[in-house]
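Working through the structure, step by step
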Amino acid sequence: MTITIYHNPDCGTSRNTLAMIRQSGEEPRIILYLQTPPGRDTIKGLVAASGLTLRQALRQKDTPYAGLGLDNPHLDDAALLDAIAMHPILLNRPFVVTQQGTRLCRPSEVVLDILPNPDIGPFTKEDGEVILNAPGRRAL
């Protein structure tokens, strides 16, 4: 099975996640979800497989979330899916799908829990935060 990442190249968390996947020796299928938004069934499947609710998968920062009134707890999943369909930026990222599971990789190191080869060696995020030290162990 191929690893799939729903990716936004303008997002540091998404770029770090992609870098960890590649450092594990895999070249994932990259879906630029802002250019090619997933359909409603795909979104529902990603969210359910990751163990989240649709509301938990919404991105609030730098999106039209507040302006659309999506903080209204009475909105149902159909209304939230309608909003995501109109504004794909509302879907948080990156979602990663592997044979070992599906996760919303926030923070990016969550991807290590579902990689076939999580022993990727040392890794430092773009911002300088050390995730895996020289022996490849998670930094504290």
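Residues numbered from 1 in each chain as written. Predicted model: local features only at pLDDT ≥ 70, side-chain atom pairs only at ≥ 80, totals over all residues. Heavy atoms only, no water.

Topic: the pattern of salt bridges
Enumeration according to the criterion identifies six salt bridges in this entry. We note a salt bridge from E27 to R22, for which the minimum N-O separation is 2.9 Å. The salt bridge involving D82 is made with R40; its shortest N-O contact spans 2.5 Å. In this pair, D82 is assigned in helix α3 (residues 77-86) and R40 in helix α2 (residues 40-49), connecting sequence segments 42 residues apart. The exposure class assigned to D82 is partly exposed, which follows from its relative accessible area of 39%. Judged by relative accessible area, R40 falls into the partly exposed class, the value being 34%. (Salt bridge = Lys/Arg side-chain N within 4 Å of Asp/Glu carboxyl O. Helix = DSSP H or I, 4+ residues; strand = E, 2+ residues; numbered from the N terminus. Buried < 20%, exposed > 50% of the residue type's maximum accessible area, 1.4 Å probe, protein only.)

A look at the sheet that holds strand β2 (residues 29-32)
One open sheet accounts for four strands, arranged β2-β1-β3-β4; its pairing is mixed. Looking at the sheet topology across the chains shown, the edges are occupied by β2 and β4 (101-104). With direction set aside, neighbouring strand axes in the sheet form an average angle of 15°. Here strand β1 (residues 4-7) pairs with β2 via four bridges, running parallel. From the neighbouring strand, H7 faces β2, where its bridge partner is L32. Strands in contact with helix α1 (residues 12-23) are β1, β2 and β3 (95-98); relative to β1, the strand with the most contacts, it is inclined by about 160°. Sitting on the sheet, α2 touches β1, β3 and β4, and the angle it makes with β3 is about 80°. (Pairing = 2+ DSSP bridges. Axes fitted to C-alpha atoms, helices over the stretch in contact; angles between N-to-C directions. Contact = heavy atoms within 4.5 Å.)

Details of unusual backbone geometry
The peptide bond linking R93 to P94 adopts the cis configuration, its omega dihedral lying at -5°. Counting through the fold element by element, P94 comes out in the loop between α3 and β3. Here R106 and P107 are connected by a cis peptide whose omega angle stands at 0°. Along the chain, the position of P107 falls in the loop between β4 and β5 (123-124). Residues other than glycine seldom take positive phi values, yet D62 does so here, at roughly 55°. Following the sequence through the fold, D62 ends up in the loop between α2 and α3. Assessed through its relative accessible area of 64%, D62 is described here as exposed.

Brief notes about α3
Every buried residue belonging to α3 is among L80, L81, A83 and I84, and all of these are buried. Along the axis of α3, the buried positions cluster into a sector of 160°, meaning they face one direction only. In α3, the exposed residues that point more than 90 degrees away from the buried face are A85 and M86. Packed against the buried residues of α3 are α2. (Arc of directions from axis to C-beta.)

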